Amino acid sequence: MNLALSDEQVFLREAARGALARVAGVAVARAAADGEGRPDLWPTARQAGWPGLLISEGRGGAGLGVFDAMLVLQECGRVLAGVALLGHLPATSLLEAAGRDGIEPLATGERRAAWLPARPPCDVEPNWTTDPERGLARAPVPTAGLEGDQAVVSGTVHWVPDAPGADVLIAVAVAGDEPVAVLLEANAAGVTVTEADRYDPTRSLGHVTLEGARGERLGVDTEQIAAAWYIAQSLIAAESIGSVEVALDASVAYAKERHTFGRAIGSYQAIKHALTEVLRRLENGRSLLYYAGWSHTGAPDEFPLAASAARSAAGRALDFASSELIAVHGGIGATWEHDAPYFYRRAQLSRRLLGGTADATDRVASRALATV
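All values reported here derive from a predicted model rather than from experimental measurement.

Asks: Could you clarify how one ought to interpret the overall build of the protein in this entry?
Replies: Looking only at helices and strands, the protein features 11 helices and 11 strands. Its C-alpha atoms give the protein a radius of gyration of 20 Å, within 12% of the compact-globule value 21 Å for 372 residues. In terms of overall dimensions, the protein has a C-alpha envelope of 75 × 50 × 45 Å along the principal axes. A burial count over the protein gives 53% of its 372 residues as buried. Within the protein, contacts between residues separated by at least 24 positions form 73% of all contacts whose residues are at least 6 apart in sequence. Accessible surface computed for the protein: about 15700 Å², of which carbon and sulfur atoms make up 51%. Taking the average place of the 33 positive charges on the side chains of the protein and the average place of its 45 negative ones, the gap between the two points comes to 7 Å.

Structure below.
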């Protein structure tokens, strides 16, 4: 197994960094928090070909893989960019798995999709569930009545990434005891998308209510439906790793230039040990992330565990790194005059989305305990 990036992947990563440098950054996040609105980065994504990353070339896409998508999301995380890929890519992965024709507009980004997250069962929770609007108790997924290749879906899904403004929704519902994936037009009768208040202004979230919404049932099985969940886990992990990289770089740079009692603060053990721990967590998370990307095609049976492990490690790394970014900078780091609070907000929201970091950790622990 070789987890080194190929020349093509290095080019993809550098191209993504260059494209985002022109339109995104913490200054943009600051403007969004000040009420100036979140910029529309979808044209940048379209120009770069990112909407079709997980769609085959025969259907108008780039024909790349989850590893490549993770590299793009990692660059998005470095500049806290909300590019609407966290909702679009899992949705297109289900359409590709279903062999759905006519998705060229989604591959080119002419239309945008959003996936309604549904968490697969595990030994802690035996049912398909969604994130609750409030509290810790998981909410049920929508229900579906099947009518041939059509489905009528009812239910509510909260905190859906990139739902506001999406043209197409991919809902996961249960029909009896079996999950089904349903393609819905966002403007169809019975579909309501409400933009959600969010702690991190750089991320677009929505509450989706379905009241007898009629859509097309996709030809995917339970395993393929569950795969979308783990793809999303790997993507949000990649975002987190990108943010950790920037938080560590900023912390190290400040620790070298800030002096107290005649010495750079980076020479004190308390600072050195804290930043070394950030580096350790970063390298651990990045290694698990790359393994998850490889396993999606190299060892598909291992992908759910690998994606969960990457999400757990990356989420905890970002929690720690964003806190240390504030601590190293002292008083100024805790104010809105500095960039640190924006990384902290991204960390706190990311750790709760899509089941949360704790859910991913539970899945890893469950697998480990099963082998004892």
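Asks: Got a minute to help me understand the pattern of salt bridges in this structure?
Replies: Two side chains carrying opposite charge are able to pair once their charged atoms lie near each other. Under the definition given, this model contains 21 salt bridges. The salt bridge involving Arg280 is made with Glu277; its shortest N-O contact spans 2.7 Å. With a gap of 3 residues between them, Arg280 and Glu277 both fall in helix 8 (residues 269–298), about one helical turn apart. For Glu283, the salt bridge identified is with Arg286, shortest N-O distance 2.6 Å. Of this pair, Glu283 and Arg286 both sit in helix 8, separated by 3 residues, roughly a single helical turn. The exposure class of Glu283 is partly exposed, given its relative accessible area of 36%. If you follow the salt bridges from partner to partner, you end up with Arg17, Glu75, Arg78, Glu245, Glu283 and Arg286 in one network.

Asks: Help me out: how do you make sense of unusual backbone geometry in this one?
Replies: A positive phi angle is found at Ala84, which is not glycine, with a value near 70°. Tracing the backbone shows Ala84 in the loop between helix 4 (66–78) and helix 5 (85–97).

Asks: What's the story with the pairing of strand 4 (residues 143–147) in this structure? I'm lost.
Replies: When a strand is regular, its side chains alternate between the sheet's two faces. With 5 bridges joining them, strand 4 and strand 5 (residues 150–161) adopt antiparallel strand pairing. The residue bridging Gly145 from the neighbouring strand is Val152, located in strand 5.

Asks: Would you take a moment to explain a negative patch on the surface for this structure?
Replies: On the surface, Asp221, Glu223, Asp301 and Glu302 cluster together into a negatively charged patch. Mapped onto the fold, Glu302 is located in the loop between helix 8 and helix 9 (303–329).

Asks: Help me out: how do you make sense of the pairing of strand 7 (residues 178–185) in this one?
Replies: Within strand 7, 6 of the 8 residues are buried, leaving the element largely enclosed by the surrounding structure. Note that strand 6 (residues 168–175) and strand 7 share 8 bridges and pair antiparallel. When the sheet's bridge partners are listed, Ala173 is paired in strand 7 with Val180. Joining the antiparallel neighbours strand 6 and strand 7 is a turn of 2 residues, in which Gly176 adopts a positive phi near 75°. Inspection of the sheet shows strand 7 paired to strand 9 (residues 205–217) by 2 bridges, in the antiparallel sense. Note that in strand 9 the partner of Leu183 across the bridge is Glu216.

Asks: What exactly am I supposed to notice about the packing of aromatic side chains here?
Replies: Aromatic ring pairs are described here by two measures, namely the spacing of the ring centres and the angle between the planes. This structure, assessed with the given rule, holds 3 aromatic pairs. An angle of 40° between the planes, with centres 5.4 Å apart, marks the rings of Tyr291 and Trp294 as tilted. Residue Tyr291 and its partner Trp294 are located together in helix 8, separated by 3 residues, close to a single helical turn. Between the NZ or CZ atom of Arg112 and the centre of the ring of Trp42, over which it lies, the distance is 5.9 Å. Over the aromatic face of Tyr268 sits the side chain of Arg263, whose NZ or CZ is 4.3 Å from the ring centroid.

Asks: What should I look at first to understand the side chain of Arg119 in this one?
Replies: Note that Arg119 resides in the loop between strand 1 (113–115) and strand 2 (129–130). At 2.6 Å, the side chain of Arg119 and the side chain of Asp359 are in polar contact. Those residues in contact with Arg119, other than ones at most four positions away along the chain, are Glu125, Asn127, Trp128, Thr129, Arg138, Trp229, Asp359 and Arg363.

Basis of the calculations
Residues numbered from 1 in each chain as written. Predicted model: local features only at pLDDT ≥ 70, side-chain atom pairs only at ≥ 80, totals over all residues. Heavy atoms only, no water. Helix = DSSP H or I, 4+ residues; strand = E, 2+ residues; numbered from the N terminus. Rg over C-alpha atoms; globule rule 2.2 N^0.38 Å. Buried < 20%, exposed > 50% of the residue type's maximum accessible area, 1.4 Å probe, protein only. Contact = heavy atoms within 4.5 Å. Areas by Shrake-Rupley, 256 points an atom, 1.4 Å probe, with all protein chains shown as cover. Lys, Arg positive; Asp, Glu negative; His and termini not counted. Charge placed at Lys NZ, Arg CZ, Asp CG, Glu CD. Salt bridge = Lys/Arg side-chain N within 4 Å of Asp/Glu carboxyl O. Pairing = 2+ DSSP bridges. Patch = residues over 30% accessible without salt bridge, like charges linked within 9 Å, V, L, I, M, F, W, Y side chains within 5 Å. Phe/Tyr/Trp six-rings, centres within 6.5 Å; stacked < 30°, edge-to-face > 60°. Lys NZ or Arg CZ within 6 Å of the ring centre and 35° of its normal. Polar contact = N/O pair within 3.5 Å; in protein donor to acceptor, adjacent residues only side chain to side chain.

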